[in-house]
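Chain residues, written in single-letter form:
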Amino acid sequence: MSTAEGAQAARAIAIDLMGTLQAACDGDLERVRRILQAEAGDAVQLVRDYDPSLPEVWADPDQLIQVFLNIMGNAVQCLLEMPPNQAADRLPPRVLIRSRVLRRFTIGTRCHALLCQVEIEDNGPGISTELRETVFYPMVTGRSQGTGLGLPIAQAIMQQHGGLIECESQPGQTIFKVLVPFPPTNDGTAPGDSHAQP
(Lines give C-alpha, C1' and ligand atoms only; values in the text may rest on other atoms or scores of the structure.)
Protein backbone atom coordinates (compact mmCIF):
# COMPACT_ATOMS: atom_id res chain seq x y z
CA MET A 1 0.00 0.00 0.00
CA SER A 2 1.40 3.39 -0.97
CA THR A 3 1.68 6.31 1.47
CA ALA A 4 -1.16 8.12 -0.31
CA GLU A 5 -3.39 5.02 -0.13
CA GLY A 6 -2.52 4.54 3.54
CA ALA A 7 -3.37 8.16 4.31
CA GLN A 8 -6.66 7.86 2.43
CA ALA A 9 -7.55 4.65 4.33
CA ALA A 10 -6.67 6.30 7.64
CA ARG A 11 -8.88 9.30 6.76
CA ALA A 12 -11.78 6.96 5.88
CA ILE A 13 -11.42 5.16 9.24
CA ALA A 14 -11.20 8.48 11.12
CA ILE A 15 -14.31 9.81 9.37
CA ASP A 16 -16.18 6.59 10.23
CA LEU A 17 -15.10 6.85 13.88
CA MET A 18 -16.08 10.54 13.96
CA GLY A 19 -19.57 9.59 12.84
CA THR A 20 -20.05 7.59 16.05
CA LEU A 21 -19.40 10.74 18.12
CA GLN A 22 -22.13 12.85 16.58
CA ALA A 23 -24.89 13.59 19.04
CA ALA A 24 -28.21 15.32 18.82
CA CYS A 25 -27.77 18.06 21.38
CA ASP A 26 -31.47 18.76 21.95
CA GLY A 27 -32.20 15.05 22.44
CA ASP A 28 -29.54 14.87 25.17
CA LEU A 29 -30.86 18.06 26.76
CA GLU A 30 -34.39 16.73 26.79
CA ARG A 31 -33.33 13.42 28.34
CA VAL A 32 -31.56 15.24 31.19
CA ARG A 33 -34.46 17.71 31.58
CA ARG A 34 -36.95 14.86 32.04
CA ILE A 35 -34.75 13.11 34.61
CA LEU A 36 -34.32 16.28 36.66
CA GLN A 37 -37.98 17.28 36.33
CA ALA A 38 -38.98 13.90 37.76
CA GLU A 39 -36.54 14.47 40.64
CA ALA A 40 -37.66 18.06 41.36
CA GLY A 41 -41.38 17.51 40.83
CA ASP A 42 -43.40 20.72 40.99
CA ALA A 43 -40.81 22.50 43.15
CA VAL A 44 -38.78 23.68 40.11
CA GLN A 45 -39.90 24.44 36.57
CA LEU A 46 -37.54 23.21 33.85
CA VAL A 47 -38.46 25.25 30.79
CA ARG A 48 -37.12 24.32 27.36
CA ASP A 49 -36.38 26.65 24.46
CA TYR A 50 -34.66 24.50 21.84
CA ASP A 51 -33.66 25.59 18.35
CA PRO A 52 -35.25 22.91 16.12
CA SER A 53 -32.86 23.69 13.26
CA LEU A 54 -29.68 22.65 15.13
CA PRO A 55 -27.68 19.93 13.38
CA GLU A 56 -25.89 17.23 15.33
CA VAL A 57 -22.89 18.37 17.37
CA TRP A 58 -19.40 16.92 17.59
CA ALA A 59 -19.40 15.17 20.97
CA ASP A 60 -19.65 11.81 22.67
CA PRO A 61 -23.37 11.53 23.55
CA ASP A 62 -22.77 9.94 26.97
CA GLN A 63 -20.24 12.59 27.94
CA LEU A 64 -22.51 15.37 26.67
CA ILE A 65 -25.29 14.00 28.88
CA GLN A 66 -22.85 14.05 31.82
CA VAL A 67 -22.03 17.72 31.14
CA PHE A 68 -25.70 18.73 31.02
CA LEU A 69 -26.57 16.59 34.04
CA ASN A 70 -23.81 18.20 36.13
CA ILE A 71 -24.75 21.78 35.23
CA MET A 72 -28.54 21.40 35.23
CA GLY A 73 -28.39 19.23 38.36
CA ASN A 74 -26.47 21.98 40.17
CA ALA A 75 -29.07 24.55 39.15
CA VAL A 76 -31.97 22.37 40.31
CA GLN A 77 -30.26 21.53 43.63
CA CYS A 78 -29.48 25.20 44.25
CA LEU A 79 -33.12 26.13 43.67
CA LEU A 80 -34.37 23.29 45.88
CA GLU A 81 -32.09 24.50 48.71
CA MET A 82 -33.32 28.09 48.33
CA PRO A 83 -35.90 29.20 50.92
CA PRO A 84 -39.46 29.47 49.50
CA ASN A 85 -40.32 32.75 47.74
CA GLN A 86 -36.68 33.88 47.78
CA ALA A 87 -36.13 34.09 44.02
CA ALA A 88 -34.88 37.60 43.22
CA ASP A 89 -37.39 37.94 40.37
CA ARG A 90 -40.26 36.73 42.64
CA LEU A 91 -41.09 34.03 40.11
CA PRO A 92 -41.27 30.33 41.00
CA PRO A 93 -37.89 28.55 40.93
CA ARG A 94 -37.06 28.00 37.28
CA VAL A 95 -34.31 26.60 35.05
CA LEU A 96 -34.43 27.71 31.42
CA ILE A 97 -32.65 25.45 28.92
CA ARG A 98 -31.97 27.22 25.64
CA SER A 99 -30.11 25.99 22.52
CA ARG A 100 -28.97 28.23 19.70
CA VAL A 101 -26.39 28.48 16.93
CA LEU A 102 -23.53 30.80 17.84
CA ARG A 103 -21.67 32.40 14.95
CA ARG A 104 -17.99 33.34 14.76
CA PHE A 105 -16.62 32.41 18.14
CA THR A 106 -13.02 31.64 19.03
CA ILE A 107 -12.09 28.89 21.48
CA GLY A 108 -8.35 28.84 22.12
CA THR A 109 -6.79 29.44 18.71
CA ARG A 110 -9.65 28.00 16.63
CA CYS A 111 -12.21 30.38 15.20
CA HIS A 112 -15.48 28.51 14.69
CA ALA A 113 -17.89 29.86 12.11
CA LEU A 114 -20.70 28.00 13.89
CA LEU A 115 -21.07 26.44 17.34
CA CYS A 116 -23.97 25.02 19.28
CA GLN A 117 -24.56 27.20 22.33
CA VAL A 118 -26.60 25.72 25.16
CA GLU A 119 -27.56 28.13 27.93
CA ILE A 120 -28.70 26.81 31.29
CA GLU A 121 -30.18 29.73 33.20
CA ASP A 122 -31.68 29.73 36.68
CA ASN A 123 -33.33 32.41 38.81
CA GLY A 124 -31.61 31.41 42.05
CA PRO A 125 -29.47 33.52 44.37
CA GLY A 126 -26.51 33.71 41.99
CA ILE A 127 -22.85 32.84 42.46
CA SER A 128 -20.60 35.22 44.38
CA THR A 129 -17.79 36.93 42.48
CA GLU A 130 -15.15 35.12 44.54
CA LEU A 131 -16.68 31.70 43.88
CA ARG A 132 -17.32 32.47 40.20
CA GLU A 133 -13.57 32.95 39.63
CA THR A 134 -12.83 29.41 40.89
CA VAL A 135 -16.06 27.56 40.12
CA PHE A 136 -14.36 25.25 37.58
CA TYR A 137 -11.60 24.24 40.04
CA PRO A 138 -11.90 20.85 41.78
CA MET A 139 -13.35 20.79 45.30
CA VAL A 140 -14.88 24.29 45.01
CA THR A 141 -18.59 24.46 45.79
CA GLY A 142 -21.17 26.94 46.99
CA ARG A 143 -23.83 24.35 47.82
CA SER A 144 -24.23 22.68 51.18
CA GLN A 145 -24.39 19.21 49.61
CA GLY A 146 -21.97 19.90 46.72
CA THR A 147 -18.75 17.97 46.14
CA GLY A 148 -17.02 20.52 43.93
CA LEU A 149 -16.42 17.95 41.20
CA GLY A 150 -19.34 18.34 38.76
CA LEU A 151 -18.27 21.57 37.05
CA PRO A 152 -14.56 20.69 36.72
CA ILE A 153 -15.55 17.35 35.16
CA ALA A 154 -17.98 19.09 32.80
CA GLN A 155 -15.36 21.65 31.75
CA ALA A 156 -12.75 18.90 31.19
CA ILE A 157 -15.19 16.96 28.99
CA MET A 158 -15.96 20.04 26.91
CA GLN A 159 -12.26 20.87 26.50
CA GLN A 160 -11.63 17.29 25.30
CA HIS A 161 -14.28 17.93 22.62
CA GLY A 162 -12.85 21.31 21.60
CA GLY A 163 -15.66 23.13 23.41
CA LEU A 164 -15.96 25.38 26.43
CA ILE A 165 -18.22 26.25 29.37
CA GLU A 166 -18.64 29.87 30.51
CA CYS A 167 -20.47 31.25 33.54
CA GLU A 168 -22.19 34.58 34.14
CA SER A 169 -23.98 35.28 37.40
CA GLN A 170 -25.73 37.97 39.37
CA PRO A 171 -28.42 37.76 42.06
CA GLY A 172 -31.50 36.26 40.43
CA GLN A 173 -29.77 35.01 37.29
CA THR A 174 -26.99 32.50 36.68
CA ILE A 175 -26.23 31.39 33.13
CA PHE A 176 -23.88 28.58 32.17
CA LYS A 177 -23.07 28.61 28.46
CA VAL A 178 -21.95 25.30 26.98
CA LEU A 179 -20.27 25.74 23.59
CA VAL A 180 -20.13 22.56 21.50
CA PRO A 181 -18.49 22.29 18.05
CA PHE A 182 -20.42 21.00 15.07
CA PRO A 183 -19.02 17.90 13.27
CA PRO A 184 -15.93 18.28 11.13
CA THR A 185 -16.12 17.94 7.37
CA ASN A 186 -14.18 15.34 5.36
CA ASP A 187 -11.02 17.45 5.62
CA GLY A 188 -11.22 17.36 9.45
CA THR A 189 -12.45 20.92 9.99
CA ALA A 190 -15.89 22.11 10.99
CA PRO A 191 -17.82 24.04 8.35
CA GLY A 192 -16.40 27.56 8.06
CA ASP A 193 -13.61 27.01 10.62
CA SER A 194 -10.35 28.87 10.49
CA HIS A 195 -7.46 29.45 12.83
CA ALA A 196 -7.53 32.72 14.75
CA GLN A 197 -4.81 35.21 13.98
CA PRO A 198 -2.44 35.80 16.94
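Residues numbered from 1 in each chain as written. Predicted model: local features only at pLDDT ≥ 70, side-chain atom pairs only at ≥ 80, totals over all residues. Heavy atoms only, no water.

Enquirer: I'd like a rundown of the overall build of the chain, residues and numbers included.
Expert: Scanning the chain for helices and strands turns up 5 helices and 8 strands. Scanning the chain from its N terminus toward the C terminus, one meets helices and strands in the order α-β-α-β-β-α-β-β-α-α-β-β-β. Taking all contacts inside the chain whose residues are at least 6 apart in sequence as the whole, residues at least 24 apart take part in 71%. Entry remark: accessible area of the chain is about 10,700 Å², with carbon and sulfur atoms responsible for 53%. (Helix = DSSP H or I, 4+ residues; strand = E, 2+ residues; numbered from the N terminus. Contact = heavy atoms within 4.5 Å. Areas by Shrake-Rupley, 256 points an atom, 1.4 Å probe, with all protein chains shown as cover.)

Enquirer: Got a sec to walk through the nonpolar core? Specific residues and values, please.
Expert: Generally speaking, a soluble globular protein has its nonpolar side chains buried in company with each other. In this structure, Val67, Phe68, Met72, Val95 and Val178 are the most contacted members of the largest nonpolar core, which totals 37 residues. Mapped onto this core, the elements with two or more residues apiece are helix H2 (25–40), helix H3 (61–81), strand S4 (94–107), strand S5 (110–122), helix H5 (150–160), strand S6 (164–170) and strand S7 (173–181). In terms of residues, this core owes the most to one element, H3, which gives 9 residues. (Core = buried A, V, L, I, M, F, W, Y, C linked by side-chain atoms within 4.5 Å. Buried < 20%, exposed > 50% of the residue type's maximum accessible area, 1.4 Å probe, protein only.)

Enquirer: Quick rundown of the pattern of salt bridges? Include the residues and the values.
Expert: Throughout the structure, instances matching the rule amount to 7 salt bridges. Glu30 is the partner of Arg33 in a salt bridge, and the nearest nitrogen-oxygen pair spans 2.9 Å. With Arg33 and Glu30 both in helix H2 and 3 residues apart, this pair spans about one turn of that helix. As a salt-bridge pair, Arg98 and Asp49 come within 3.9 Å of each other at their nearest N and O atoms. In this pair, Arg98 is assigned in strand S4 and Asp49 in strand S2 (residues 45–49), connecting sequence segments 49 residues apart. With relative accessibility at 28%, the residue Asp49 sits in the partly exposed group. Each of the salt bridges in this network shares a partner with another, and the network as a whole consists of Asp49, Arg98, Arg100, Glu119 and Glu121. (Salt bridge = Lys/Arg side-chain N within 4 Å of Asp/Glu carboxyl O.)

Enquirer: An account of the environment of Ile107 is needed here, citing residue identities and associated values.
Expert: Take Ile107: it is sitting in strand S4. Owing to a relative accessible area of 14%, Ile107 belongs among the buried residues under this scheme. Along the sequence, Ile107 and Gly162 sit 55 residues apart, while their C-alpha atoms lie 7.6 Å from each other.

Enquirer: How would you summarise the pairing of S6 if you had to cite specific residues and measurements?
Expert: Residues Ile165, Cys167 and Ser169 line the buried face of S6, whereas the alternating positions Leu164, Glu166, Glu168 and Gln170 sit on a face that is not buried. Inspection of the sheet shows S6 paired to S7 by 7 bridges, in the antiparallel sense. Counterpart to Gln170 in the pairing with S7 is Gln173. Counting the residues in the hairpin turn of S6 and S7 gives 2 residues, including Gly172, whose phi is positive at 90°. (Pairing = 2+ DSSP bridges.)

Enquirer: Give a detailed account of H5, specifying residues and quantitative values.
Expert: Within the span of H5, buried status applies to Leu151, Pro152, Ala154, Gln155, Ile157 and Met158. On the buried face of H5, the contacting elements are H3, S6 and S7. Directly beyond the C-terminal end of H5, a positive phi value near 80° is found at Gly162.

Enquirer: Lay out H3 with the relevant residues and their values.
Expert: Look at H3: 30 Å from first C-alpha to last across 21 residues, which is about the 30 Å you get at 1.5 Å a residue. Every buried residue of H3 is listed here: Leu64, Ile65, Val67, Phe68, Asn70, Ile71, Met72, Gly73, Ala75, Val76 and Leu79. Its side-chain oxygen at 2.9 Å from the backbone nitrogen of Asp62, Asp60 defines the N-terminal cap of H3. (Expected span 1.5 Å × (residues − 1). Polar contact = N/O pair within 3.5 Å; in protein donor to acceptor, adjacent residues only side chain to side chain.)

Enquirer: Could you give an account of the packing of H3 against H5, naming the residues involved and the relevant values?
Expert: For the pair H3 and H5, interaxial distance at closest approach is 9 Å and the crossing angle is 145°. Two packed elements cross with a definite hand, and for H3 against H5 that hand is left-handed. Of the residues in H5, those in contact with Gln63, Leu64, Gln66, Val67, Asn70, Ile71 and Asn74 of H3 are Gly150, Leu151, Ile153, Ala154, Ile157, Met158 and Gln160. Split by residue class, the contact of H3 with H5 holds 8 nonpolar, 6 polar and no charged. (Axes fitted to C-alpha atoms, helices over the stretch in contact; angles between N-to-C directions. Left-handed = near helix turned anticlockwise from the far one by under 90°. Nonpolar A, V, L, I, M, F, W, Y, C, P; charged D, E, K, R; others polar.)

Enquirer: I'd like to hear about the confidence of the model for the chain, residue by residue, with values.
Expert: Per-residue confidence for the chain gives a mean pLDDT of 76; residues scoring 70 or more make up 70%. The weakest mean pLDDT in the chain belongs to helix H1 (residues 3–19) at 42; the strongest belongs to S6 at 92. For residues 6–22, every residue scores under 50 in pLDDT, and the model assigns this stretch 16 contacts once sequence neighbours within four places are set aside. For residues 190–198, every residue scores under 50 in pLDDT, and the model assigns this stretch 22 contacts once sequence neighbours within four places are set aside. (pLDDT = per-residue confidence, 0-100.)

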